[in-house]
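Structure at a glance
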Amino acid sequence: MGKSLSKAIIFDFDGTLVDSKKLIYRCFQSITKNLAPEKLDRAKNILIGPPLRETASKILGQENQEKLDEFISSFIKLHDNEVILHTHPYPLVSSTLNELHHRKIPMAIATNKRKAPTIKLIKHLGWGHYFKKTECSDTLTQIRNKNKLIQDILRSNPEFTKAFFVGDTVNDGQSANLNKLLFIKANFGYGNNQDWSMVNIKNKIETFDELLNI
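The following paragraphs examine the structure supplied in this document. (Residues numbered from 1 in each chain as written. Predicted model: local features only at pLDDT ≥ 70, side-chain atom pairs only at ≥ 80, totals over all residues. Heavy atoms only, no water.)

1. A closer look at the sheet that holds strand β5 (residues 133-136)
Read from one edge of the open sheet, 6 strands run β5-β4-β1-β6-β7-β8, paired in parallel fashion. A single partner strand is all that each edge strand has here, and the edge strands are β5 and β8 (203-205). Averaged over all pairs of adjacent strands, the angle between their axes in this sheet comes to 20°, without regard to strand direction. Helix α8 (residues 170-178) contacts β6 (164-167) and β7 (182-186) of the sheet and is inclined by roughly 170° relative to β7. (Pairing = 2+ DSSP bridges. Helix = DSSP H or I, 4+ residues; strand = E, 2+ residues; numbered from the N terminus. Axes fitted to C-alpha atoms, helices over the stretch in contact; angles between N-to-C directions. Contact = heavy atoms within 4.5 Å.)

This is the structure in structure tokens:
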């Protein structure tokens, strides 16, 4: 391991540790077809990453906001029942996390995903002992964005103050930059078609195990 990765690491979840794309899109499209079929194309192309309420609102459009709560409740039921069956880690994630843990690198998760499916999947994958902190958008009563999730990790865990942040979307990169964390972009994730011109990227990885050589 290079000297730089002797510090802590905070990870995004969807698009970085696990590939949930097919399941999430399937849920979005199924629900949109029932509630607002004219928005189906939007559901097929929406960026995965922001909090559920924000994404659902964008899919429905301003004219369908009265259906927002129904959309969210339908998504939670459909998604959470199938998360373990249809969500898988990216190649080499489990072995790399194990190696980082063996090297005593402190690790945490900051994700816009909800707590229930996140914890369910982490337990299913046997990753629970790897992470000192898992912050989800709804861990607290008030929904938090990625920037605030990182802030709360740093506030309660000083060892992450100079951590790397590994993520796959522009929001991940901007949130890392705002908190003065070195950002590592997961090129295998969901954000490659975004405009990255305003994000300071320290490193890029094509496969997850490349973290071990940074």
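2. What to know about the nonpolar core
Ranked by size, the top nonpolar core spans 47 residues in total, and within it Phe11, Leu17, Phe28, Leu97, Trp127 and Phe131 carry the most contacts. Among the elements that take part in this core, helix α1 (residues 21-35) stands out by supplying 7 residues, more than any other. Not counting residues within four places of it along the chain, the set of residues in contact with Leu17 comprises Phe11, Asp12, Pro89, Tyr90, Val93, Leu97, Ile109, Trp127, Phe131 and Phe208. Counting 17 residues, the second largest nonpolar core, distinct from the first, contains Phe165, Ala176, Leu181 and Val199. (Core = buried A, V, L, I, M, F, W, Y, C linked by side-chain atoms within 4.5 Å. Buried < 20%, exposed > 50% of the residue type's maximum accessible area, 1.4 Å probe, protein only.)

3. Topic: the packing of α1 against helix α4 (residues 68-86)
Where α1 meets α4, the axes come as close as 9 Å, and the angle between the chain directions of the two elements is 150°. It follows from the interaxial angle that α1 and α4 lie roughly antiparallel. The handedness of the crossing between α1 and α4 is right-handed. Mapping the contact onto sequence places Leu23, Ile24, Arg26, Cys27, Phe28, Ser30, Ile31, Thr32 and Leu35 in α1 and Glu70, Phe71, Ser74, Phe75, Leu78, His79, Glu82, Val83 and His86 in α4. Its residues placed into classes, the contact of α1 with α4 shows 10 nonpolar, 5 polar and 3 charged. (Parallel < 35°, antiparallel > 145°, perpendicular 65-115°, else oblique. Left-handed = near helix turned anticlockwise from the far one by under 90°. Nonpolar A, V, L, I, M, F, W, Y, C, P; charged D, E, K, R; others polar.)

4. Some words on the pattern of salt bridges
Should the charged atoms of two oppositely charged side chains come close, the side chains can pair. Evaluation of the coordinates by the stated rule reveals 15 salt bridges. Close ionic contact of Lys58 with Glu54 constitutes a salt bridge, the shortest N to O distance being 3.5 Å. Placement of the pair is Lys58 and Glu54 together in helix α3 (residues 52-60), with a separation of 4 residues, close to one helical turn. Between Asp152 and Lys148 there is a salt bridge; the shortest N-O distance is 2.8 Å. Residue Asp152 and its partner Lys148 are both found in helix α7 (residues 146-156); the two are separated by 4 residues, about one turn of the helix. By relative accessible area, which is 11% here, Asp152 ends up buried. (Salt bridge = Lys/Arg side-chain N within 4 Å of Asp/Glu carboxyl O.)

5. As for the layout of surface pockets
The calculated volume of the largest pocket comes to roughly 380 Å³. The wall of the largest pocket is formed by 27 residues, among which Ile48, Gly49, Pro50, Pro51 and Asn112 lie closest to the centre. Of all elements in the fold, only α1, α3, α4 and α8 reach the threshold of two or more residues within the lining of the largest pocket. Here the lining of the largest pocket gets 3 residues from one element, more than from any other, and that element is α3. Residue classes in the lining of the largest pocket are distributed as 9 nonpolar, 10 polar and 8 charged. (1 Å grid on protein atoms, 1.4 Å probe; cavity = no way out; pocket = protein on both sides within 12 Å on 5 of 7 lines; lining within 4 Å. Points joined across faces, edges and corners; volume = space filled by probe spheres on them.)

6. Here's the deal with α7
Taken together, the buried positions of α7 are occupied by Lys146, Asn147, Leu149, Ile150, Asp152, Ile153 and Leu154. Contact partners of the buried residues in α7: β1 (9-11), β4 (107-111), β5, β6 and α8.

7. Focus: the environment of Thr169
In this fold, Thr169 is placed in the loop between β6 and α8. Overall, Thr169 belongs to the buried group, its relative accessible area being 6%. Spatially, the C-alpha atom of Thr169 lies 9.1 Å from that of Leu47, the residues being 122 residues apart in sequence. With near-sequence residues (within four places) excluded, Thr169 lies in contact with Ile48, Phe183, Gly191, Gln194 and Trp196.

8. Quick word on α4
For α4, the principal kink sits at Asp80 and spans about 35°. Within the sequence span of α4, burial applies to Leu68, Phe71, Ile72, Phe75, His79, Asp80, Glu82 and Val83. On its buried face, α4 sits against α1, α3 and α6 (115-125). (Bend = angle between axes of the 7 residues up to and from the residue.)

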